[in-house]
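Below are the chains, spelled out letter by letter.
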Amino acid sequence: MDPRFLGIPELTDVPSVAVVVDVMRAYTVAAWAFAQGAEKIVLAESLDDARSLKARHPDWVTLKDGPPSPGFDAVNSPALLRSTDLTGRTVVQKTTAGTVGALAVKDASLVLCASFVVAEATARVVRTRASDDVTFVITGEEGRAEEDLACAHYIARRITEPSTDPTDYLERAANSAAAAELSQGVREGSHPDDVPLCLELDRFPFAMRATQEDTLMILRPYT
Ligand SMILES: O=C(O)[C@H](CS(=O)(=O)O)OP(=O)(O)O
Ligand SMILES: [Mg+2]
């Protein structure tokens with residue numbers, strides 16, 4: 001396997017297998033939503049799309065990054081979401097980086113959304129697929145977000161070397177600009193436990209696969 005690591009602006013072709021990485025915080029939050037019972041997550045194209053989905057489906061749970069906002073039920077924080085019962089619910093998620101990255105590769109034959117909390121499960125799916133054409137989408141900072149690069153490098157290595165030591169990769173993420181912003185409360189809609197929760201390696205046993213269903217991009221747990 002010869003993986004590519006590309007930022008969203010660098011995606012010029014349709015990858016075969018795409019692993020979309022957002023450690024802080026979209027795909028840590030998504031994993032927590034499934035752990036809290038959510039049935040599926042709609043990855044919304046825009047804030048307006050999220051609001052109109054909510055208008056058509058009042059029981060759906062809308063979630064966005066940034067501060068609490070009218071029309072949205074939750075913020076993009078794993079710590080704030082972990083006590084919410086989402087049993088059987090549909091979540092609509094719109095964030096600055098993570099959801100945009102998945103929508104940018106929606107025509108790939110396999111789209112996995114990943115973070116450290118689902119690292120081994122994600123690596124296992126790609127390993128089983130045995131594809132040479134694997135593109136990691138580094139969603140943050142136009143492909144330069146250190147927490148996303150560290151997680152992508154770790155998953156890529158773990159695909160072929162399951163016993164890879166995670167220590168250095170987790171340390172890179174812990175020292176990233178995003179971790180500093182979250183720890184210092186610079187990012188609105190956050191909680192002091194967000195960074196530790198984003199660094200919990202293999203917290204969950206499932207991967208997360210996004211597929212197109214009708215006109216929507218839907219994320220579901222995948223094993
Ligand atoms: O909610 C987050 O941490 C970020 C916000 S931003 O990219 O720093 O503006 O969104 P995400 O898409 O989860 O990276
Ligand atoms: Mg991010």
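- The protein goes by Probable 2-phosphosulfolactate phosphatase in an unreviewed UniProt entry, where it is assigned to Streptomyces antibioticus.
- Its UniProt record, at the heading Catalytic activity (unreviewed entry), says of the protein: "(2R)-O-phospho-3-sulfolactate + H2O = (2R)-3-sulfolactate + phosphate".
- In its Sequence similarities (unreviewed entry) section, the UniProt record describing the protein reads: "Belongs to the ComB family."

### Quick word on helix α1 (residues 26-35)
So, point 1. Along α1, 9 of the 10 residues are buried, which leaves the element largely enclosed by surrounding structure.
So, point 2. Within the span of α1, buried status applies to Ala 26, Tyr 27, Thr 28, Val 29, Ala 30, Ala 31, Trp 32, Ala 33 and Phe 34.
So, point 3. Following α1 by one or two positions, Gly 37 adopts a phi angle in the positive range, close to 105 degrees.

### So, the site of ligand 1
So, point 1. Contacts to ligand 1 come from Asp 22, Met 24, Arg 25, Ala 26, Asp 65, Asn 76, Thr 95, Thr 96, Ala 97, Gly 98 and Arg 187.
So, point 2. Here Asp 22 contributes a side-chain N or O atom positioned 2.8 Å from an oxygen atom of ligand 1.
So, point 3. Given that more than half its atoms are within 2 Å of the pocket grid, ligand 1 belongs to the largest pocket.
So, point 4. Here the residues of the shell around ligand 1 sort into 3 nonpolar, 4 polar and 4 charged.

### Details of the packing of aromatic side chains
What characterises a pair of aromatic rings is the spacing of the ring centres plus the angle enclosed by the ring planes.
So, point 1. Tallied over the full model, the rule gives 6 aromatic pairs.
So, point 2. Measuring from centroid to centroid gives 5.2 Å for Phe 5 and Phe 136, while their planes differ by 20 degrees, and the two rings are stacked. Placement of the pair is Phe 5 in strand β1 (residues 4-7) and Phe 136 in strand β8 (residues 134-138), with a sequence separation of 131 residues.
So, point 3. Arranged with centres 5.5 Å apart and planes meeting at 20 degrees, the rings of Phe 204 and Phe 206 form a pair that is stacked. Here Phe 204 matches Phe 206 in class, with each residue buried.
So, point 4. In this structure, Arg 209 packs its charged tip against the face of Tyr 222, placed 5.3 Å from the ring centre.

### Description of the environment of Gly 7
So, point 1. Considering the arrangement of structural elements, one finds Gly 7 in strand β1.
So, point 2. Taking the relative accessible area as the measure of exposure, Gly 7 reaches 0% and is therefore buried.
So, point 3. Residues Gly 7 and Thr 139, spaced 132 residues apart in sequence, show a C-alpha to C-alpha distance of 6.0 Å.
So, point 4. Residue contacts for Gly 7: discarding those within four places in its chain leaves Ile 138, Glu 142 and Gly 143.

### Quick notes on helix α5 (residues 119-129)
So, point 1. Taken residue by residue, α5 has Ala 119, Glu 120, Ala 121, Thr 122, Ala 123, Val 125 and Val 126 as its buried positions.
So, point 2. On the buried face of α5, the contacting elements are β2 (17-21), β7 (110-114), β8, α6 (146-160), β9 (207-213) and β10 (216-222).
So, point 3. Trailing α5 by a residue or two, Ala 130 shows a phi angle of about 50 degrees, which is positive.

### Brief notes about the coordination of the magnesium ion (ligand 2)
The reference angle at a metal is 109.5 degrees if four donors form a tetrahedron and 90 or 180 degrees if six donors form an octahedron.
So, point 1. Donor atoms from the polypeptide that bind the magnesium ion (ligand 2) are Asp 22 (OD) and Met 24 (O), placed at 2.3 Å.
So, point 2. Look at Met 24 and you get buried, because its relative accessible area is 4%.

### Topic: the state of the cysteines
So, point 1. This structure, assessed with the given rule, holds 0 disulfides.
So, point 2. Not engaged in a disulfide, the cysteine Cys 151 finds its nearest cysteine sulfur in Cys 198; these two sulfurs lie 10 Å apart.

### Section: unusual backbone geometry
So, point 1. Here the bond from Met 24 into Arg 25 is cis, since omega is 5 degrees, no more than 30 degrees from zero.
So, point 2. Looking at the secondary structure, you find Arg 25 in the loop between β2 and α1.
So, point 3. Backbone geometry at Ala 130 places phi at a positive 50 degrees, although glycine is not the residue there.
So, point 4. With respect to the helices and strands, the residue Ala 130 is situated in the loop between α5 and β8.
So, point 5. Phi is positive for Asp 214, close to 55 degrees, though the residue is something other than glycine.
So, point 6. If you trace the backbone, Asp 214 turns up in the loop between β9 and β10.

Parameters and conventions
Residues numbered from 1 in each chain as written. Chains lettered and ligands numbered in written order. Predicted model: local features only at pLDDT ≥ 70, side-chain atom pairs only at ≥ 80, totals over all residues. Heavy atoms only, no water. UniProt positions renumbered as here; feature names shortened; annotations may be inferred. Buried < 20%, exposed > 50% of the residue type's maximum accessible area, 1.4 Å probe, protein only. Helix = DSSP H or I, 4+ residues; strand = E, 2+ residues; numbered from the N terminus. Near = heavy atom within 4 Å. Polar contact = N/O pair within 3.5 Å; in protein donor to acceptor, adjacent residues only side chain to side chain. 1 Å grid on protein atoms, 1.4 Å probe; cavity = no way out; pocket = protein on both sides within 12 Å on 5 of 7 lines; lining within 4 Å. Sits in = over half its atoms within 2 Å of the grid points. Nonpolar A, V, L, I, M, F, W, Y, C, P; charged D, E, K, R; others polar. Phe/Tyr/Trp six-rings, centres within 6.5 Å; stacked < 30°, edge-to-face > 60°. Lys NZ or Arg CZ within 6 Å of the ring centre and 35° of its normal. Contact = heavy atoms within 4.5 Å. Donors = N, O, S within 2.8 Å, 3.2 Å for Na, K, Ca; no water. Disulfide = S-S within 2.5 Å.

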